[in-house]
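Residues per chain are reported as follows:
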Amino acid sequence: MANAEDTFEPGYDRVVRLDFAERIHRVTSIHVGTRHQRVRVEAGEDQAWEFDPAGRLIVAQEESVSRHRTFDGRIWGHRVIGSNEERRLIDDAGPDDPQVWLARVHGRIRRWMAADAEAVWVRGEGISPLDFARSSLAMTAARSPAILKTEVAWAERIWRQVPVLPPDQYESLVLQISEGCPWDRCRFCSLYRDVPFRERTLEEIERHLDEVLLFVGASAARVHRVFLGQANALLRDTGELLEILQMIRRRIPIADPTLGAGAQRRWLQEHTPSASGFFAFIDAFHKPRPVQDWALLRDAGLRRVYIGLESGDGQRLRALGKPLDPDRAIELVDDLHAAGLPVAVILLTGIAGPEGEAAHREASA
Ligand code: SF4
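Keep in mind that what you see is a predicted model, and the values were worked out from it rather than measured.

Rules used in this analysis
- Residues numbered from 1 in each chain as written.
- Predicted model: local features only at pLDDT ≥ 70, side-chain atom pairs only at ≥ 80, totals over all residues.
- Heavy atoms only, no water.
- Helix = DSSP H or I, 4+ residues; strand = E, 2+ residues; numbered from the N terminus.
- Buried < 20%, exposed > 50% of the residue type's maximum accessible area, 1.4 Å probe, protein only.
- Areas by Shrake-Rupley, 256 points an atom, 1.4 Å probe, with all protein chains shown as cover.
- Pairing = 2+ DSSP bridges.
- Axes fitted to C-alpha atoms, helices over the stretch in contact; angles between N-to-C directions.
- Contact = heavy atoms within 4.5 Å.
- Phe/Tyr/Trp six-rings, centres within 6.5 Å; stacked < 30°, edge-to-face > 60°.
- Lys NZ or Arg CZ within 6 Å of the ring centre and 35° of its normal.
- Near = heavy atom within 4 Å.
- Nonpolar A, V, L, I, M, F, W, Y, C, P; charged D, E, K, R; others polar.
- Salt bridge = Lys/Arg side-chain N within 4 Å of Asp/Glu carboxyl O.

Asks: Any chance you could break down the overall build of the chain for me, citing the residues and the numbers?
Replies: Within the chain one finds 11 helices and 15 strands. Taking all 365 residues of the chain together, 50% fall into the buried category. As displayed, the chain offers around 17,400 Å² of accessible surface, 51% of which is attributable to carbon and sulfur atoms.

Put into structure tokens, the structure is as follows:
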């Protein structure tokens with residue numbers, strides 16, 4: 001069997017291995033490493049957790065379940081069962097209360113750190129990655145269930161809810177420049193039913209940004225993307241959007257997109273807070289925006305948009321209650337590409353039944 005030390009996640013600086021005199025939470029040793037402002041703790045071959053500089057959990061892998069924690073404190077899970085993958089929000093699918101689970105993770109870190117405090121934390125004096133790991137894990141260990149509860153309540157006050165994010169945006173900083181969904185009548189979606197659509201004023205967004213940055217604190221070092229919420233944050237006029245993006249950029253500078261991947265990563269590490277750009281959902285049934293306006297938004301830092309197309313089949317869209325003409329969606333994607341903006345299109349599966357599946361698949365391809 002491979003030694004755990006040999007299988008430590010590649011790309012991380014291995015900082016230290018802690019050996020315990022007895023089994024603590026099923027293991028006799030753990031490995032601690034750092035990479036890109038995050039600390040990784042591995043226990044055995046199938047358990048690992050990553051924390052940011054403020055000690056907040058970012059991701060966890062425990063046997064077949066991987067979890068991401070978003071800034072608002074929600075925990076998203078992804079379970080692999082045999083050859084099938086099941087992606088689900090752990091919040092919505094007991095039996096584990098996510099905060100109880102999180103408190104348990106912090107409890108483990110607390111016990112592991114306490115068990116080897118002297119040998120490791122003193123021995124590492126003056127070694128920068130170890131100092132970083134020590135400080136992050138000390139903050140992790142200090143996160144008692146009471147602190148977690150307070151933090152969740154605080155996050156709820158700031159964001160109220162972040163009901164959905166594209167999976168590649170789970171670690172993004174969400175800024176809500178609007179509230180709710182301007183349509184809110186799709187038959188399959190009740191994400192914003194209690195949230196009347198409203199575009200926030202520049203002053204409100206500025207206050208929201210202040211609160212968000214205060215809340216994230218040292219975790220800002222791990223911010224690499226800003227996701228603009230909620231359902232259609234890009235609906236408003238281009239001039240207003242540009243003003244908002246400029247205001248955010250004064251607080252969260254955006255990396256020069258012409259930098260290569262490595263140089264951009266270094267720049268992001270050297271600037272806190274900072275981000276590689278803005279990301280947002282848009283629908284394809286509100287008034288079109290000229291290509292040159294999309295290009296202005298790209299220059300202002302917009303990096304990718306996500307379109308909830310659901311299906312390319314007009315009949316299916318009518319059944320779903322989505323007032324979208326598939327041809328219009330194609331035009332929108334063409335306009336975005338012409339402006340140099342990458343697009344992600346979201347499709348629903350399993351919505352057409354056996355008789356409609358072929359048409360749904362063909363029209364969506
Ligand atoms: S447009 Fe999107 S957010 Fe709004 S109701 Fe339809 S699916 Fe939900």
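Asks: Which residues make up the sheet that holds strand S12 (residues 226-229), and what are the values?
Replies: What the 5 strands build is an open sheet, ordered S9-S12-S13-S14-S15; its pairing is parallel. Where the open sheet ends on each side, the last strands, each with one partner, are strand S9 (173-176) and strand S15 (343-347). For this sheet the average axis-to-axis angle between neighbouring strands, irrespective of direction, equals 25°. Relative to S12, S9 runs parallel, the two sharing 4 bridges. Bridging across to S12, Gln176 finds its partner in Gly229. Of the strands in this sheet, strand S13 (278-282), strand S14 (302-310) and S15 touch helix H10 (residues 326-338), which is tilted by about 170° from S14.

Asks: Requested: an account of the packing of aromatic side chains, with residues and values cited.
Replies: Applying the stated criterion to the full structure yields 7 aromatic pairs. Ring centres of Trp49 and Trp112 lie 5.7 Å apart, and the angle between their planes is 55°; on these two criteria the pair is classed as tilted. On the criterion of sequence distance, the pair formed by Trp49 in strand S4 (residues 47-51) and Trp112 in helix H1 (residues 98-115) is long-range, its members being 63 residues apart. Judged by its relative accessible area of 0%, Trp112 falls in the buried class. A cation sits over an aromatic face here: Arg289 above Trp294, 4.8 Å from the ring centre.

Asks: So, helix H8 (residues 291-299): which residues are in play, and what are the values?
Replies: Burial in H8 covers these residues: Asp293, Trp294, Ala295 and Leu297. Elements that come into contact with the buried residues of H8 comprise helix H6 (238-251), S13, S14 and H10. Once H8 ends, the next one or two residues include Gly301, with phi positive near 120°.

Asks: Lay out the environment of Arg316 in plain terms, naming residues and giving numbers.
Replies: Relative to the assigned elements, Arg316 resides in helix H9 (residues 314-320). Classification of Arg316 by relative accessible area gives buried; the value is 14%. Residues Arg316 and His360, spaced 44 residues apart in sequence, show a C-alpha to C-alpha distance of 7.1 Å. Beyond its immediate chain neighbours, meaning those up to four positions away, Arg316 contacts Ser311, Ile351, Ala352, Gly356 and His360.

Asks: Can you tell me about the site of the ligand, naming the residues and giving the values?
Replies: In the region of the ligand, the neighbouring residues are Cys181, Asp184, Arg185, Cys186, Phe188, Cys189, Tyr192, Ala231 and Lys322. When its residues are assigned to classes, the shell around the ligand shows 6 nonpolar, no polar and 3 charged.

Asks: Now, about the side chain of Thr140: what can you tell me, with residues and values included?
Replies: As for its placement among the helices and strands, Thr140 is situated in helix H3 (residues 128-141). With relative accessibility at 0%, the residue Thr140 sits in the buried group. Leave out the neighbours within four places in its chain, and Thr140 touches Phe51, Gly55, His106 and Ile109.

Asks: Any chance you could break down the pattern of salt bridges for me, citing the residues and the numbers?
Replies: Under the defined criterion, the tally for this structure stands at 23 salt bridges. Here Glu50 ties to Arg38 by a salt bridge, and the two come within 2.6 Å at their closest N and O atoms. Taken together, the residues span a long stretch of sequence, with Glu50 in strand S4 and Arg38 in strand S3 (residues 38-43) at a distance of 12 residues. The partner of Arg69 in a salt bridge is Glu151, and the shortest N-O contact between them spans 3.2 Å. A residue pair is termed long-range when its members are at least 10 positions apart, and Arg69 in strand S6 (residues 65-69) and Glu151 in helix H4 (residues 145-159) qualify at 82 residues. Grouping residues by exposure puts Arg69 and Glu151 together as buried. Taken together, the salt bridges that share partners define one network made up of Arg38, Arg40, Glu42, Glu50 and Glu171.

Asks: So what about unusual backbone geometry? Which residues, and what values?
Replies: For the bond from Gly229 to Gln230, the omega torsion is 5°, close enough to zero to count as cis. Relative to the elements of secondary structure, Gln230 occurs in the loop between S12 and H6. The amide bond that connects Thr272 to the next residue, Pro273, takes the cis arrangement and shows omega of -10°. Checked against the element boundaries, Pro273 lands in the loop between helix H7 (261-270) and S13. With phi around 50°, His25 is a residue other than glycine that occupies positive phi space. Looking at the secondary structure, you find His25 in the loop between strand S1 (13-24) and strand S2 (27-35). Accessibility expressed as a relative area gives 32% for His25, which makes it partly exposed. With phi around 55°, Arg160 is a residue other than glycine that occupies positive phi space. The topology assignment puts Arg160 in the loop between H4 and S9.

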